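Listed here are the chains, written in short residue letters.
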Amino acid sequence: MDLMGAGIRVNQVNPTWVRTPMFEEECRRVPATAELIRKLSPIKRAIEPDEVAAACVYLCSPSAVTVNGISLAMDTGLLIGPLLG
Amino acid sequence: MIHHLVLFNSESVILVTHDSRQAAGGIGREIVFAFAEAGVKGILLADTSAEACAQVAAESLSLDTNPSYKPLSTVVDVTDAASIDAMVKMAVEGFKRIDYCVNAFGVDVKEYVPFCETDPEDYDRVLGINTKGNFLVTRSVGKAMLAQEPVTVDLGRRGRLSDGMRTRDVGRGSIVNISSAMALVAVPGKAPYTTSKHALTGVTKAAGTFILFLSPLVSF
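Residues numbered from 1 in each chain as written. Chains lettered and ligands numbered in written order. Predicted model: local features only at pLDDT ≥ 70, side-chain atom pairs only at ≥ 80, totals over all residues.

Q: So what's going on with the overall build of chain A? Residues and values would help.
A: Each helix and strand counted, chain A has three helices and two strands in total. The N-to-C order of helical and strand elements in chain A reads β-α-α-α-β. For chain A, the C-alpha radius of gyration of 17 Å lies well beyond 12 Å, the compact-globule estimate for 85 residues. Across its three principal axes, chain A shows a C-alpha extent of roughly 55 × 35 × 15 Å. Within chain A, the fraction of its 85 residues that count as buried is 36%. (Helix = DSSP H or I, 4+ residues; strand = E, 2+ residues; numbered from the N terminus. Rg over C-alpha atoms; globule rule 2.2 N^0.38 Å. Buried ≥ 20, exposed ≤ 12 C-beta atoms within 10 Å, placed from the backbone.)

The following block contains the structure:
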């Protein structure tokens with residue numbers, strides 16, 4: 001046993017809006033959501049589920065043994081801070 | 001191909017929990033497909049709906065890249081520790097080990113209301129699934145991972161570049177919780193959801209530390 005200890009890594013991914021049934025329900029409840037995303041998001045769309053899945057493949061893979069306890073923000077930079085102008 | 005982007009272990013097995021009835025099903029489905037394409041040997045997909053997860057498991061059979069690939073599916077209630085333990089037992093009995101676990105279930109609030117209008121019962125429901133559910137699954141899967149041997153992978157072409165290093169120790173397993181940007185900021189009208197995802201960060205970090213504190217070589 002080395003300093004990896006038990007050798008179990010635990011991480012999380014933190015996407016903004018993902019195109020799922022939950023998101024579709026949110027758009028139904030708040031119809032302005034789609035327009036809000038177009039205004040706020042640099043990519044002007046919701047995140048696709050496959051983009052979240054790809055991040056999970058990386059975090060589980062042997063290429064990511066140094067990554068533990070992180071929150072991977074998938075926010076297109078929205079959470080950097082207020083963007084004025 | 002995706003397995004060219006990252007090093008991937010073709011002997012690995014993944015447990016995916018998702019919830020097709022509770023609206024987050026879209027991500028779990030893509031996770032199953034992505035790992036099948038990446039080359040896992042087995043997937044156990046667990047869902048609240050037997051029909052939904054059996055269908056996704058069947059669909060993954062047209063995408064897998066591992067000749068030994070086998071998808072299994074089962075029903076799970078992530079608010080019930082006994083149900084979760086049974087799911088983990090099924091994965092271990094079916095595949096001998098669990099290398100990866102991705103938790104892709106989650107629920108939204110029943111209605112978007114100002115903070116003070118939040119229904120305490122809805123608060124308990126959302127945190128019970130989004131936070132405690134992830135805690136219970138990570139706890140049970142963690143026990144199973146601790147009981148299995150660590151894995152070493154061949155580095156392939158990457159090994160030619162490093163000084164004599166042909167293999168890499170990758171440990172006993174990796175768990176990923178699908179959280180949300182609402183773990184980092186708040187938006188109006190979603191107090192239970194925002195709280196549940198902030199708390200999930202605590203579950204993830206606390207679980208991440210057990211690689212240190214349960215090590216036989218670490219003593220205080």
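Q: How would you explain the packing of helix α3 (residues 81–95) of chain B against helix α4 (residues 120–146) of chain B if you had to name every residue and give the values?
A: Residues and elements named next belong to chain B. One can describe the packing of α3 onto α4 by two numbers: an axis separation of 9 Å at closest approach and a directional angle of 35 degrees. Crossing hand, α3 versus α4: right-handed. Side by side, α3 and α4 meet where Ala81, Ile84, Asp85, Val88 and Val92 of the first sit next to Leu136, Val137, Ser140, Val141 and Ala144 of the second. Tallied by class, residues from the contact of α3 with α4 come to eight nonpolar, one polar and one charged. (Axes fitted to C-alpha atoms, helices over the stretch in contact; angles between N-to-C directions. Left-handed = near helix turned anticlockwise from the far one by under 90°. Contact = placed C-beta atoms within 7 Å. Nonpolar A, V, L, I, M, F, W, Y, C, P; charged D, E, K, R; others polar.)

Q: Account for unusual backbone geometry, with residues named and values stated.
A: The backbone of Lys44 of chain A sits at a positive phi, close to 60 degrees, despite the residue not being glycine. Checked against the element boundaries, Lys44 of chain A lands in the loop between α2 (33–40) and α3 (49–60). The exposed category is assigned to Lys44 of chain A, around which 11 C-beta atoms lie within 10 Å. Although it is not a glycine, Lys96 of chain B adopts a positive phi angle of roughly 80 degrees.

Q: Before we move on, could you go through the sheet that holds strand β4 (residues 100–104) of chain B and cite the residues and values that matter?
A: In any sheet, the strands associate via hydrogen bonds between backbone groups, in a parallel or an antiparallel arrangement. A sheet is described by the order of its strands in space; here seven strands give the open sequence β2(A)-β1(A)-β7(B)-β4(B)-β1(B)-β2(B)-β3(B), paired in parallel fashion. Pairing within the sheet leaves two strands with one partner each, and these edge strands are β2 (71–74) of chain A together with β3 (70–75) of chain B. For this sheet, the mean inter-axis angle between neighbouring strands, taken without regard to orientation, is 15 degrees. In this structure, strand β2 (residues 42–47) of chain B lies alongside β3 of chain B, joined through six bridges in parallel fashion. Bridge assignment links Asp47 of chain B to a residue of β3 of chain B, and that residue is Val75 of chain B. (Pairing = 2+ DSSP bridges.)

Q: Describe the environment of Gly81 of chain A, naming the residues involved and giving the relevant values.
A: With respect to the helices, strands and loops of the structure, Gly81 of chain A is situated in the segment after β2. Between the C-alpha atoms of Gly81 of chain A and Glu51 of chain A, which are 30 residues apart in sequence, the distance is 23 Å.

Q: Can you lay out the nonpolar core for me, pointing to particular residues and giving the numbers?
A: Within the largest apolar cluster, 72 residues are counted, with the highest numbers of intra-cluster contacts made by Cys56 of chain A together with Ile14, Ile31, Phe35 and Val102 of chain B. If you tally residues by element for this core, the top one is helix α1 (residues 25–38) of chain B, at eight residues. Beyond its immediate stretch of four places on either side in the chain, Phe35 of chain B contacts Val57 of chain A together with Ile14, Val40 and Ile43 of chain B. (Core = buried A, V, L, I, M, F, W, Y, C linked by C-beta atoms within 7 Å.)

Q: Give me the lowdown on the confidence of the model for chain A, citing residues and values where you can.
A: Averaged over all residues, the pLDDT of chain A equals 89, while 91% of them reach at least 70. Least confident of the elements in chain A is helix α1 (residues 21–29) of chain A, whose mean pLDDT is 92; most confident is β2 of chain A, at 97. (pLDDT = per-residue confidence, 0-100.)

Q: Got a sec to walk through the confidence of the model for chain B? Specific residues and values, please.
A: All names here are of chain B. Per-chain confidence: chain B averages 88 in pLDDT, with 87% of residues scoring 70 or above. With pLDDT under 50 throughout, residues 216–220 is counted as low confidence; its partners more than four residues away or in other chains account for five contacts. Across the whole predicted complex the pTM is 0.92, and at the interface the ipTM reaches 0.91.

Q: How would you summarise the interface of chain B and chain A if you had to cite specific residues and measurements?
A: On the side of chain A, 43 residues touch chain B, which itself brings 57 residues to the contact. Among the residues forming the side of chain B that touches chain A, the class breakdown is 35 nonpolar, 15 polar and seven charged.

Q: Report on the pairing of β2 of chain B, specifying residues and quantitative values.
A: If a strand is regular, its side chains alternate between the two faces of the sheet. Residue and element names in this part refer to chain B. The buried fraction of β2 is high, at six of six residues. Neither face of β2 is open: one carries Gly42, Leu44 and Ala46, the other Ile43, Leu45 and Asp47, and all of them are buried. With five bridges connecting them, strand β1 (residues 13–18) and β2 associate as parallel partners. Within β2, the position partnered with Ile14 by the bridge is Ile43. Handedness of the β-α-β unit built from β2, helix α2 (residues 50–60) and β3 comes out right-handed. (Right-handed = clockwise from strand over helix to strand, strands pointing away.)

Q: I'd like to hear about the environment of Ile43 of chain A, residue by residue, with values.
A: Residues and elements named next belong to chain A. Note on placement: Ile43 falls in the loop between α2 and α3. Taking the C-beta count within 10 Å as the criterion, Ile43 has 10 such neighbours and is therefore assigned exposed. Ile43 sits 33 residues away from Thr76 along the chain, and the two C-alpha atoms are 7.3 Å apart.

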